[in-house]
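Examining the three-dimensional arrangement
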Amino acid sequence: MADRPGRVLPAVTRESRPFWTGGFDGELRIYRCRACRGWFHPPVGACFRCRSRDVGPEVASGRATVAAFTVNHHPWFPDFPPPYVIAMVELAEQPDVRLTTCLVECDIDQVTVGMPVEVVFDAHEDVALPLFRPVRAEGEIR
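Small disclaimer: the values here were computed from a predicted structure and weren't measured. (Residues numbered from 1 in each chain as written. Predicted model: local features only at pLDDT ≥ 70, side-chain atom pairs only at ≥ 80, totals over all residues. Heavy atoms only, no water.)

Brief notes about the packing of aromatic side chains
Applied cut-off: For Phe, Tyr and Trp, where Trp contributes only its six-membered ring, two rings pair if their centres lie within 6.5 Å, and the inter-plane angle classes them as stacked under 30 degrees, edge-to-face over 60, or tilted in between. The cut-offs for exposure are 20% and 50% of the maximum accessible area for each residue type, with area from a 1.4 Å probe on protein chains only; residues under the lower value are buried, those over the upper are exposed, and the others partly exposed.
Per the counting criterion, the structure on display carries three aromatic pairs. Between phenylalanine 19 and tryptophan 20, the aromatic rings sit 4.7 Å apart at their centres with planes inclined by 75 degrees, giving edge-to-face as the arrangement. The burial state of phenylalanine 19 is the same as that of tryptophan 20; both residues are buried. Their ring planes at 70 degrees and their centres at 5.9 Å tell us that tyrosine 31 and phenylalanine 40 sit as a pair that is edge-to-face. Note on tyrosine 31: relative accessible area 10%, which makes it buried.

In structure tokens:
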């Protein structure tokens, strides 16, 4: 997916490294508490639910649902032309865990709240950005 240059790349920290690099292995890695088993994002050193420090990244399914979205029409970055969809997606594993991302491989006029999506990765330098696209129907080729 490296065909979209111009993205602003994140600063990678010790806690966020698994999230930003999991895509190189085709994995969406989200922090999970080993005590209460709750998922959470962004990754930090303790669970906000039970306060356990026994937390770490686990592989999530990569499935989500669009919770909210907007279509950006402003040319913020010259090498990343609009329009594009910025979305908040709820993870299938735990709907209160939401990621802000871009939707790709879709007609911006067809995006809806509640639309099922799946993760794809956009590899750049030392990060693989998790983006989402509409879930493909069985046997569908794009």
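As for the layout of surface pockets
Rules: Think of a 1 Å grid over just the protein atoms. A cavity is a set of points where a 1.4 Å probe fits yet cannot get out, a pocket is an open set with protein on both sides within 12 Å along at least five of seven lines, and lining residues have an atom within 4 Å of a point. Grid points are joined across faces, edges and corners, and a volume is the space filled by probe spheres set on the points. Put simply, DSSP marks the helices as runs of H or I at least four residues long and the strands as runs of E at least two long, and each gets a number from the N terminus on.
One number sums up the size of the largest pocket: a volume of about 430 Å³. Only helix 1 (17–21), strand 5 (84–91), strand 6 (98–103) and strand 8 (127–134) provide two or more residues apiece to the lining of the largest pocket.

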